[in-house]
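The lines below spell out each chain.
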Amino acid sequence: MDNRNGKNHHTNGRKDHQHPSDHRSHHEHHHGGDAEHDREHVDEGYRHHQDDHSHGSHDGHQEHSHHGHHDHGDMVNDFKKRFYISLIVTIPILVLSPMIQDLIGVDWRLPGDPYILFALATFVFFYGGWPFITGGISELKEKNPGMMTLIGLAILVAYGYSSLTVFGWEGKDFFWELATLIDIMLLGHWIEMRSVMGASNALEELVKLMPNEAHKLDENGDVTDVQTSELKHDDKVLVKPGEKIPVDGTIFEGNSAIDESMLTGESVPVEKEKGDEVIGGSVNKEGSIKIKVEKTGEDSYLSQVITLVREAQESKSKTQDLTNRAAKWLFYIALAAGFITLFVWLMLGFTFDIALERMVTVMVITCPHALGLAAPLVIAVSTSISAKQGLLIRNRANFEGARKLNAVVFDKTGTLTKGEFGVTNIVPREGCSEDDVLTWAASLEQNSEHPIAAGIVSSANEKGFELKKIEEFESITGKGIEGKIQGEKVNVVSPGYIDNSNMDYDKNQFDKLSGEGKTVVFVLLNDELIGMIALADMVQETAKEAVASLKEKGVESIMLTGDNEKVANWVAKKLDINEVYAEVLPDDKANQVKTIKGKGWEVAMTGDGVNDAPALATADLGIAIGAGTDVAMESADVVLVKSNPNDVVSLMELSGKTYRKMVQNLWWAAGYNIFAIPLAAGVLAPIGIVLSPAVGAVLMSLSTIIVAINAKLLKAS
């Protein structure tokens, strides 16, 4: 078994200092059998986070859901179906509407057509308008009126008043206005939801990390496969190479390298032996180990991470985006303007019929058709631009805030670095060349599975070296590997092996490399030292550019990592990052983000591992690197598909452009209404100008077309 970087003071084999049990305030779901029970909680907490896609407005729509969160695809299809069916029914409504007939100068009256109109409009009102009515009720319950309440008010008033006119009230009906408003609003919601990925459940992704089954050992050492949820404290479990460790426990037999990078951010697999703790969800890389179960269910490390993510998502304030804020004001304006109009016309001595018609006209006009499309069209365009650039936007409201960021916190492993070893230095002994040292080492390492081996071999391949053929090969536990190549004995070994053999080497050079957090291995040929090779997690070139671009924008870059301090400082120096927090546990990552937010800053967090999930959920904007874990992606607001840190800069720029375009569209949409409300209220009635609903309809269509064209003008660069 190829155990190198484990025991030496300079390496990353920091053992359990990463997560001794007393540190762990991370939380999770209970696995296996309890997962169902847990998902109930999950859904509760998740409801708040659910993608804010239609401006926080689908709360009412959650009636449809089973556990409070609805399958996003179903919702998109639901709006699509409601839109098409309502649109088809709207056509006869328009044809039969006296107002539309007057406008185009025809007379297609039918006997009983008011009743036909009433029946068709009633269908559109209840079928197409239902999401808006339930959504409005939901917003009012939360004392937070928005888009849904505004639409709900307009369609309710239009439907109620028009129905009265059918059954004998003096006045004209607004059925065409009701139907077109519902159609356009359904279209807007459908476009917007379709263009935004659904927020699926981060917490369920976390539960999936735990293996469902474990190989349980009985007193005689016989193995039976049981559900992970059935394991109890002090049970004994066998974990084979390549398998995930099912629960937190302590090794009582065997040793191995354990890959904990997903959970702790530690870039190098950690060597573990008898007496060491292991974490459920980490991967056993090399040898078979037997572990005694220490923590199950809620106490386990992963459980605690899950609870952290849930708490962070619940505490994320329900961001009200731009359209919703505009809708809120228009709702209050509609109510106020409507009642003022009613009272003024009554005080001027007009009949209640006429005053009520004016009031209804004002209230219906205040809900702009164009407002329903102002944001969704910009969102659809910006989402398709961002998708082409490799950015998947999952949470609109937080994406819109990206333009205001003051700091971007980067996780190190896999975000700023490639998460894989590369050779950084080769120090040959006198009389040997760097190429020789690398060729001998890589020829021997080609048989090993170890990450160090992969780094050395890929480095030799990059340089185009031809590797020699191996005749014999074996691992020396805890020391390194040995083999025979072309009749020569070759070893690649750890510093511990060299010290035990009392070999001479350049200690100053070694200490310098170790001080930079690099992993150093020694190459021996026929038991003579021919050189040392230093390896480190390689820095991404694009990360350098990203940090420099952010600096130009006045945005602070901060590194936050679970890896050790030497490694972190070496990477930070290469990237010109001044602020570094190293050896940070997952719950501390979220706290660190809170601390930075405490300065009054808008903070983005960029990460790719399970250990980043709580911090991603806590930050104002969570950005997941696409090559990372599903859990990180599920906790994030934006996913960078290309795993390129430079995209963080593009993201901020696109956010700014999208926001400006939305503001323009809202002015176009609401501007017509602001102008039309006083006319509808009859301000110019004394000089004979009263805005007829037909003219209102033309203006409304114009503002909708302008908004659509303006949205299409949004460009990526």
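Rules and cut-offs
- Residues numbered from 1 in each chain as written.
- Predicted model: local features only at pLDDT ≥ 70, side-chain atom pairs only at ≥ 80, totals over all residues.
- Heavy atoms only, no water.
- Core = buried A, V, L, I, M, F, W, Y, C linked by side-chain atoms within 4.5 Å.
- Buried < 20%, exposed > 50% of the residue type's maximum accessible area, 1.4 Å probe, protein only.
- Contact = heavy atoms within 4.5 Å.
- Phe/Tyr/Trp six-rings, centres within 6.5 Å; stacked < 30°, edge-to-face > 60°.
- Helix = DSSP H or I, 4+ residues; strand = E, 2+ residues; numbered from the N terminus.
- UniProt positions renumbered as here; feature names shortened; annotations may be inferred.
- Expected span 1.5 Å × (residues − 1).
- Pairing = 2+ DSSP bridges.
- Axes fitted to C-alpha atoms, helices over the stretch in contact; angles between N-to-C directions.
- Patch = residues over 30% accessible without salt bridge, like charges linked within 9 Å, V, L, I, M, F, W, Y side chains within 5 Å.
- Areas by Shrake-Rupley, 256 points an atom, 1.4 Å probe, with all protein chains shown as cover.
- Salt bridge = Lys/Arg side-chain N within 4 Å of Asp/Glu carboxyl O.
- pLDDT = per-residue confidence, 0-100.
- Polar contact = N/O pair within 3.5 Å; in protein donor to acceptor, adjacent residues only side chain to side chain.
- Parallel < 35°, antiparallel > 145°, perpendicular 65-115°, else oblique.
- Left-handed = near helix turned anticlockwise from the far one by under 90°.

Draft legend 1. Seen up close, the nonpolar core. In this structure, Ile 155 and Leu 178 are the most contacted members of the largest nonpolar core, which totals 103 residues. Not counting chain neighbours up to four residues away, the residues in contact with Leu 178 comprise Ala 121, Phe 125, Ile 155, Ala 158 and Tyr 159. Residues Ala 442, Ile 452, Ala 460 and Val 490 belong to the second largest nonpolar core, which totals 22 residues.

Draft legend 2. Looking closely at the packing of aromatic side chains. Evaluation of the coordinates by the stated rule reveals 18 aromatic pairs. Considering the side-chain rings of Phe 118 and Tyr 159, the 6.2 Å spacing of their centres and the 15 degrees angle between planes classify their relative orientation as stacked. Placement of Phe 118 in helix H4 (residues 113-128) and of Tyr 159 in helix H6 (residues 147-166) is noted, with a sequence separation of 41 residues between them. Their ring planes at 55 degrees and their centres at 5.6 Å tell us that Phe 331 and Tyr 332 sit as a pair that is tilted. Cluster of aromatic residues (ring-pair linked, three or more members): Tyr 115, Phe 118, Phe 125, Phe 126, Tyr 159, Phe 167 and Phe 175.

Draft legend 3. Representation of the UniProt feature "transmembrane region" (unreviewed entry) in the chain within the structure. As annotated in UniProt, the feature "transmembrane region" (unreviewed entry) corresponds to residues 83-100, 115-133, 145-162, 174-191, 329-348, 360-387, 666-689 and 695-714 in the numbering used here. Along residues 83-100, the helical share is 94% and the strand share 0%, with 21 Å between the first and last C-alpha atoms. Annotated as residues 360-387, this span is 93% helix and 0% strand, and its ends, taken at the C-alpha atoms, are 43 Å apart.

Draft legend 4. Helix H22 (residues 586-597), seen in detail. A rise of 1.5 Å per residue sets the reference length of H22, with its 12 residues, at 16 Å; its end C-alpha atoms lie 17 Å apart and thus fit the reference within 8%. Every buried residue of H22 is listed here: Pro 586, Asp 587, Lys 589, Ala 590, Gln 592, Val 593 and Ile 596.

Draft legend 5. Main features of the sheet that holds strand S13 (residues 470-476). Read from one edge of the open sheet, 6 strands run S12-S17-S16-S15-S14-S13, paired in antiparallel fashion. The open sheet terminates on both sides in strands that have one partner only, identified here as strand S12 (417-428) and S13. Along the sheet, successive strands turn relative to each other by an average axial angle of 20 degrees, direction set aside. Note: S13 against strand S14 (residues 480-485), 6 bridges, orientation antiparallel. The partner of Ser 475 across the bridge, within S14, is Ile 481. Together, S12, strand S16 (519-525) and strand S17 (528-539) form the strand contacts of helix H17 (residues 451-462), whose direction differs from that of S12 by roughly 70 degrees.

Draft legend 6. A nonpolar patch on the surface, seen in detail. Taken together, the side chains of Ile 91, Val 95, Leu 103, Ile 104, Trp 108, Val 698 and Leu 702 define a hydrophobic patch exposed on the protein surface, amounting to about 650 Å² of accessible area. At the level of secondary structure, the elements contributing two or more residues to the nonpolar patch comprise helix H2 (72-96), helix H3 (98-104) and helix H26 (693-712). Position of Ile 104 among the secondary structure elements: in helix H3.

Draft legend 7. Quick look at unusual backbone geometry. Positive phi, normally seen in glycine, also occurs at Lys 143, with a value near 55 degrees. Examined against the element boundaries, Lys 143 turns out to sit in the loop between helix H5 (130-141) and H6. Phi at Asp 234 takes a positive value of approximately 75 degrees, unusual for a residue other than glycine. Relative to the helices and strands, Asp 234 resides in the loop between strand S2 (223-227) and strand S3 (236-239).

Draft legend 8. Expanded view of the pairing of S2. Bridge count for strand S1 (residues 213-217) against S2 is 5 bridges, and the pairing is antiparallel. Opposite Lys 216, over in S2, you have Thr 224 as the bridge partner. Adjacent in sequence and paired antiparallel, S1 and S2 are bridged by 5 residues, among which Gly 221 carries a positive phi angle near 85 degrees.

Draft legend 9. Main features of the pattern of salt bridges. Tallying each qualifying case throughout the model produces 15 salt bridges. With a shortest N-O distance of 3.2 Å, Asp 563 and Lys 412 are connected by a salt bridge. Taken together, the positions of Asp 563 in the loop between strand S18 (556-560) and helix H21 (565-575) and Lys 412 in helix H15 (residues 412-416) put the pair 151 residues apart, joining distant regions of the chain. As far as the burial class goes, Asp 563 and Lys 412 line up, both buried. A salt bridge links Lys 551 to Asp 576; the shortest N-O distance between them is 3.1 Å. Of this pair, Lys 551 sits in helix H20 (residues 541-552) while Asp 576 is found in the loop between H21 and strand S19 (579-581), placing the two residues 25 residues apart along the sequence. With a relative accessible area of 45%, Asp 576 lands in the partly exposed category. Within this structure, Asp 411, Lys 589 and Asp 612 form a network of salt bridges that share partners.

Draft legend 10. Structural view of the environment of Arg 429. As for its placement among the helices and strands, Arg 429 is situated in the loop between S12 and helix H16 (434-445). Note: C-alpha distance between Arg 429 and Met 532 (103 residues apart in sequence) is 8.2 Å. Setting aside its immediate chain neighbours within four residues, Arg 429 contacts Glu 528, Leu 529, Ile 530 and Gly 531.

Draft legend 11. Region of interest: the sheet that holds S3. Taken in spatial order, the 6 strands line up as S2-S1-S3-S9-S4-S7 in an open sheet, and their pairing is antiparallel. Each of the sheet's edge strands pairs with one partner strand only, and the pair in question is S2 and strand S7 (277-278). Both S3 and strand S9 (residues 289-295) contribute to a ladder of 4 bridges, which runs antiparallel. Paired with Lys 236 across the two strands is Lys 292, which belongs to S9.

Draft legend 12. How the structure looks around the confidence of the model for the chain. Averaged over all residues, the pLDDT of the chain equals 79, while 82% of them reach at least 70. Note on residues 1-70: pLDDT is under 50 here. Beyond four places in sequence and across chains, it has 250 contacts. Confidence drops under a pLDDT of 50 for residues 197-202, and excluding neighbours within four residues, the segment shows 24 contacts in the predicted structure.

Draft legend 13. A look at helix H12 (residues 352-366). The end-to-end C-alpha separation of H12 is 21 Å, in line with the 21 Å expected for 15 residues at 1.5 Å each. Among the 15 residues that make up H12, 12 are buried, leaving the element largely enclosed by the rest of the structure. When H12 is considered as a whole, its buried residues turn out to be Ala 355, Leu 356, Glu 357, Arg 358, Met 359, Val 360, Thr 361, Val 362, Met 363, Val 364, Ile 365 and Thr 366.

Draft legend 14. Geometry of the side chain of Thr 618. Relative to the assigned elements, Thr 618 resides in helix H23 (residues 613-618). There is a polar contact of 2.6 Å between the side chain of Thr 618 and the backbone oxygen of Pro 614.

Draft legend 15. Quick peek at the side chain of Glu 482. Looking at where Glu 482 falls in the secondary structure, it is placed in strand S14. A polar contact is formed between the side chain of Glu 482 and the side chain of Asn 491, at a distance of 3.2 Å. Not counting the four nearest positions on each side in its chain, Glu 482 is found in contact with Leu 444, Glu 472, Phe 473, Glu 474, Ile 476, Lys 489, Val 490 and Asn 491.

Draft legend 16. Summary view of the packing of helix H11 (residues 322-347) against H12. Contact pair H11 / H12: the axes reach a minimum separation of 8 Å and the direction vectors enclose 165 degrees. When the interaxial angle is binned, H11 and H12 end up roughly antiparallel. Classified by chirality, the crossing of H12 by H11 is right-handed. For the pair formed by H11 and H12, the contact residues are Leu 330, Ile 333, Ala 334, Leu 335, Ala 337, Gly 338, Phe 339, Thr 341, Leu 342, Trp 345 and Leu 346 on the first element and Phe 352, Ile 354, Ala 355, Leu 356, Arg 358, Met 359, Val 362, Met 363 and Thr 366 on the second.

Draft legend 17. How the structure looks around the pairing of strand S11 (residues 407-411). With 5 of 5 residues buried, S11 lies mostly within the body of the structure. Judged by which residues are buried, S11 turns out to be covered on both faces: Ala 407, Val 409 and Asp 411 on one side and Val 408 and Phe 410 on the other are all buried. The pairing of S11 with S18 spans 5 bridges and is parallel. The partner of Asp 411 across the bridge, within S18, is Leu 560.

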